[in-house]
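So you can see what is in the structure, the chains are spelled out below.
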Amino acid sequence: MTIEIIDEYVGRVRYTVSELAAIAPRRFPVQERVSGVAGNAFDWLAWYEAWIRAQQAEPGRTPTRLEVEGADEFQAGIPWSELKQALVLYEQEDGSPLAKGYPIRLYVPGGSSECLNVKSVVRIRILYDEEAAEKAATYGFKNTITPEQLLKPRS
């Protein structure tokens, strides 16, 4: 399984969990930031900085928001300013894939919502829109019902 990273300046790229983790300049036990959780993690902001340098993207742009989507269609949007302690849990302590939350799990300690813990992340969007920066953290399941389905009579 791959994780899709979407950045309006870099484009779309896909990584396996091991490729994603290899970009991180430092990996550490998740307990350093989230008590009661076991496994290995990397710092989201340090990962992003290393990744953007490797992409040779234009320096000086600071993202305003991070949006993540889980395999179960749970979504979260987090202001970039709330990501100071954010981390990505990518493997169990023994180096095996996550048993719960595979392929990766995002934790945002100190965020404005206790629900900023998204399991099974498969898509990450990095936004630079100034209007998005002002929005509070959001989370919930994607509504996949169309207006036509709502209006269809039950049989």
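The structure contained in this document is the topic of the report that follows.

Calculation notes
Residues numbered from 1 in each chain as written. Predicted model: local features only at pLDDT ≥ 70, side-chain atom pairs only at ≥ 80, totals over all residues. Heavy atoms only, no water. Helix = DSSP H or I, 4+ residues; strand = E, 2+ residues; numbered from the N terminus. Buried < 20%, exposed > 50% of the residue type's maximum accessible area, 1.4 Å probe, protein only. Contact = heavy atoms within 4.5 Å. Areas by Shrake-Rupley, 256 points an atom, 1.4 Å probe, with all protein chains shown as cover. 1 Å grid on protein atoms, 1.4 Å probe; cavity = no way out; pocket = protein on both sides within 12 Å on 5 of 7 lines; lining within 4 Å. Points joined across faces, edges and corners; volume = space filled by probe spheres on them. Polar contact = N/O pair within 3.5 Å; in protein donor to acceptor, adjacent residues only side chain to side chain. Patch = residues over 30% accessible without salt bridge, like charges linked within 9 Å, V, L, I, M, F, W, Y side chains within 5 Å. Salt bridge = Lys/Arg side-chain N within 4 Å of Asp/Glu carboxyl O. Lys, Arg positive; Asp, Glu negative; His and termini not counted. Charge placed at Lys NZ, Arg CZ, Asp CG, Glu CD. Pairing = 2+ DSSP bridges. Axes fitted to C-alpha atoms, helices over the stretch in contact; angles between N-to-C directions.

**Examining the overall build of the protein chain**
When you go through the protein chain residue by residue, the secondary structure sums to four helices and 11 strands. Considering the protein chain as a whole, with its 155 residues, one finds that 43% of them fall into the buried category. Of the contacts formed within the protein chain by residues at least 6 apart in sequence, a portion of 61% connects residues at least 24 apart. Summed over all atoms, the accessible surface of the protein chain reaches about 8900 Å², with 49% contributed by carbon and sulfur.

**Looking at unusual backbone geometry**
Going from tyrosine 102 to proline 103, the amide bond is cis rather than trans, its omega being 10 degrees. Structurally, proline 103 can be placed in the loop between β7 (87-91) and β8 (105-107). For glutamate 73, which is not glycine, the phi dihedral falls at a positive 75 degrees. Assignment of secondary structure puts glutamate 73 in the loop between β5 (65-70) and β6 (74-79).

**Details of empty space enclosed by the protein**
With the rule as written, the count across this model stands at one cavity of 30 Å³ or more. Estimated volume of the largest cavity: approximately 40 Å³. Lining the largest cavity we find Trp44, Leu66, Val68, Val88, Ile104, Arg105, Leu106, Val121 and Ile124. Sorting the residues of the lining of the largest cavity by element identifies β5, β8 and β10 (121-127) as the ones contributing at least two each.

**Description of helix α2 (residues 44-54)**
Here α2 has its buried residues at Trp44, Leu45, Trp47, Tyr48, Ala50, Trp51 and Ile52. The N-cap of α2, judged by a side-chain oxygen 3.1 Å from the amide nitrogen of leucine 45 a few residues on, is aspartate 43.

**Describing a negative patch on the surface**
A cluster of acidic side chains, namely Glu8, Asp129, Glu130, Glu131 and Glu134, defines a negative patch on the protein surface. Structurally, the position occupied by aspartate 129 is in the loop between β10 and α3 (130-133).

**Some thoughts on the sheet that holds strand β3 (residues 27-29)**
One open sheet accounts for five strands, arranged β3-β4-β7-β8-β9; its pairing is antiparallel. Two strands in the sheet have a free side with no partner beyond their single neighbour: β3 and β9 (117-118). The strands touched by α2 within the sheet are β4 (40-43) and β7, with β4 carrying the most contacts at an inclination of about 60 degrees.

**A look at the environment of glutamate 19**
Along the chain, glutamate 19 turns up in helix α1 (residues 17-23). Separated by 16 residues in the primary sequence, glutamate 19 and isoleucine 3 place their C-alpha atoms 9.8 Å from one another.

**Some points on the sheet that holds β5**
Taken together, six strands build an open sheet; the order of strands is β2-β1-β10-β5-β6-β11 and the sheet is mixed. Only two strands of the sheet have a single partner each, and these edge strands are β2 (11-15) and β11 (138-141). Going across the sheet, the axis of each strand differs from the next one's by a mean of 15 degrees, ignoring polarity. Note: β5 against β6, five bridges, orientation antiparallel. Paired with leucine 66 across the strands is isoleucine 78, a residue of β6. Where α2 meets the sheet, it contacts β1 (3-7), β2, β5 and β10, and its direction lies at approximately 70 degrees from that of β1.

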